Amino acid sequence: MLPLEFLFSRTFSEDPYTAYAELRASGPVHPIDFPRGATAFLVVDHEHGRAALNDPRLSKDTAHSSLPVNGEQFFGGTMLSMDPPDHTRMRALMAKAFTGRRVEKLRPRVQEIADGLLDGIAARGEADLIEEFAVPLPIQVICELLGVPASDRARFREWTAVLTVPALTAEARERRREVARAFNGYLTEVIAERRAAPGDDLISGLITARDGDAALTGAELLNGIVLLLIAGHETTVNLIGNGVFALLQAPGQLELLRSRPELLPSAIEELLRYDGPLERASQRIAVEDMEIAGTPIPKGAWVHVSLGAADRDPAAFDAPDRLDVTRAPKRHVAFGHGLHFCLGAPLARLEGQIAIGGLLDRFPDLALAVPATELRHHRAGSIVRGLVSLPVRVSASRP
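Here is a short report on the structure shown in this document. Computed from a predicted structure; not experimentally measured. (Residues numbered from 1 in each chain as written. Predicted model: local features only at pLDDT ≥ 70, side-chain atom pairs only at ≥ 80, totals over all residues. Heavy atoms only, no water.)

**Here's the deal with the pairing of strand β2 (residues 29-33)**
Two faces belong to every sheet, and in a regular strand the side chains alternate between them. By the bridge criterion, two bridges tie strand β1 (residues 2-3) to β2 in an arrangement that is parallel. Residue pairing for β2: Leu 2 is matched across the bridge by Ile 32. Of the pairings in the sheet, the one linking β2 to strand β3 (residues 39-43) comprises five bridges and is antiparallel in character. Paired with Asp 33 across the two strands is Thr 39, which belongs to β3. (Pairing = 2+ DSSP bridges. Helix = DSSP H or I, 4+ residues; strand = E, 2+ residues; numbered from the N terminus.)

What follows is the structure in structure tokens.
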């Protein structure tokens, strides 16, 4: 049985892929030694993991859990905790407003924001790419998408920083509750303003979205905006940070991508596969007794699918531990699979292409400013995977 403490350990967070390879060699499904008698399982291969992500017997609703769930579930009430038909209705309505066309219209502005941040890095000659590039870029983009005034964006960044970090102490949990109340209060006021005077922003689009007679309720509208802001931000930050770090660790692939920028779309998919922004998918709970790969899963048990393990499965990808920017791995699950495939994936891809492409083009001598062994991943035990910091230096810049 897999000790829960191991999944929360620093050893695991710094190199989960070696641990997953060892687990996968002994089977695709492993019970987790959960506290308080709860039953949980970890799926570590591509075939069964991908299937589990779209299995109707595995619910997103924690009401099916055999273990009482506390009230700290920040994404409760969002699509991340819904099943059909509620999930189907809400996703259809949100998709009407959060369209590929709306995202693509942002391309020039995303490029402009990225160029401004790169100008600052060029002027200093060094930077923490997480704090000074990967974090502010998606915050500015999503705020513009939502129509948040520039004067409020500093508050948004502060709130996001609190809400995306696991609250492990009583003090941290109280701070998170305070921020959540302030955040929800702010959004409630903005929604009221847009109802009275709609604009061309995403919040206005969500308010006016209709699927027949269906529309988002007030609570669904609020929760949908929260999900887009928090989940979309976290995904993009880690896509940029993990992606740049992976390329710096594979200089041959970095130079290939720099010399052949047309590979950028496929390279982003490979970076997502190689070291994606989410280490595990959010919870699934068995609504009936079932089996996965011959392992009995009792009703009420929690099933965790490791996206990182699935995307390093040699049965699905040739030489999966090798970064190959020409690979174009179309079946990766970095954004999930099936009904709960990430709605914000097109925006994350767009931001990743512009951010990483801009860095490589602008700074031909981009390099780590500290030994790679000094870098640390944060939030051990969380479903996300990202670097705490990524110090780099540059001494040359293309105009």
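Next, the rest of the story.
**Focus on the packing of aromatic side chains**
Applying the stated rule across the entire model yields four aromatic pairs. Each ring, one from Trp 159 and one from Phe 183, has its centre 5.6 Å from the other, and the planes form 50 degrees; the classification is tilted. Taken as a pair, Trp 159 in helix α10 (residues 153-163) and Phe 183 in helix α11 (residues 170-196) lie far apart in primary sequence, 24 residues in all. Among the aromatic side chains, those forming a connected cluster through ring pairs are Trp 159, Phe 183 and Tyr 186. Across the ring face of Phe 317, the terminal group of Arg 273 is positioned such that the distance to the ring centre comes to 5.5 Å. Residue placement shows Arg 312 over the ring face of Tyr 17; its charged tip is 3.8 Å from the ring centre. (Phe/Tyr/Trp six-rings, centres within 6.5 Å; stacked < 30°, edge-to-face > 60°. Lys NZ or Arg CZ within 6 Å of the ring centre and 35° of its normal.)

**Side note on the pairing of strand β9 (residues 302-305)**
Alternating positions in β9 separate into two faces, Trp 302 and His 304 on one and Val 303 and Val 305 on the other, with burial throughout. Sheet analysis places β3 next to β9, joined by four bridges and oriented parallel. Looking at the pairing, Val 43 lines up with Val 305 of β9. Note: strand β6 (residues 284-286) against β9, two bridges, orientation antiparallel. Within β9, the position partnered with Arg 284 by the bridge is Val 303. (Buried < 20%, exposed > 50% of the residue type's maximum accessible area, 1.4 Å probe, protein only.)

**Let's talk about helix α7 (residues 107-124)**
The end-to-end C-alpha distance of α7, which contains 18 residues, comes to 26 Å, matching closely the 26 Å that a straight helix rising 1.5 Å per residue would cover. Within the span of α7, buried status applies to Val 110, Ile 113, Ala 114, Leu 117, Leu 118 and Ile 121. Looking straight down α7, one finds that the buried residues subtend no more than 135 degrees of arc, so they occupy a single side. Seen from the buried face of α7, the exposed residues on the opposite side, beyond 90 degrees, are Pro 108, Glu 112 and Ala 123. Buried residues along α7 sit against β5 (126-128), α8 (129-134), α9 (136-146) and α17 (345-362). After α7 finishes, the residue Gly 125 shows a positive phi value of roughly 85 degrees. (Expected span 1.5 Å × (residues − 1). Arc of directions from axis to C-beta. Contact = heavy atoms within 4.5 Å.)

**Examining the sheet that holds β1**
Judged by pairing direction, the sheet is mixed, and its six strands sit side by side in the order β1-β2-β3-β9-β6-β4 without closing on themselves. Looking at which strands have only one partner, the edges of the open sheet turn out to be β1 and β4 (58-59).

**So, the nonpolar core**
Considering soluble globular proteins, one finds that nonpolar side chains tend to be buried as a cluster. Phe 133 and Leu 390 are the most contacted members of the largest nonpolar core, which has 93 residues in total. In terms of residues, this core owes the most to one element, helix α13 (residues 218-248), which gives 16 residues. Each residue touching Leu 390, except ones within four places of it in the same chain, is listed here: Ala 127, Asp 128, Leu 129, Ile 130, Gly 241, Val 244, Phe 245, Leu 368 and Leu 375. Counting residues in hydrophobic clusters, the runner-up holds 17 residues, among them Phe 41, Ala 286, Val 305 and Leu 307. (Core = buried A, V, L, I, M, F, W, Y, C linked by side-chain atoms within 4.5 Å.)

**Concerning the sheet that holds strand β11 (residues 391-393)**
Strand order in the open sheet formed by three strands is β5-β11-β10, with antiparallel pairing between adjacent strands. For this open sheet the edge positions go to β5 and β10 (367-368), each flanked by a neighbour on one side alone. Relative to β11, β5 is paired through three bridges, and the arrangement is antiparallel. Paired with Ala 127 across the strands is Val 392, a residue of β11.

**Quick word on helix α3 (residues 16-25)**
Looking only at α3, the buried set comprises Pro 16, Tyr 17, Ala 19, Tyr 20, Leu 23 and Arg 24. What you see down the axis of α3 is that its buried residues fit within an arc of 155 degrees, all on one side. α3 presents Glu 22 and Ala 25 as exposed residues on the side facing more than 90 degrees away from its buried surface. Positive phi appears at Gly 27, one or two residues downstream of α3, with a value of about 145 degrees.

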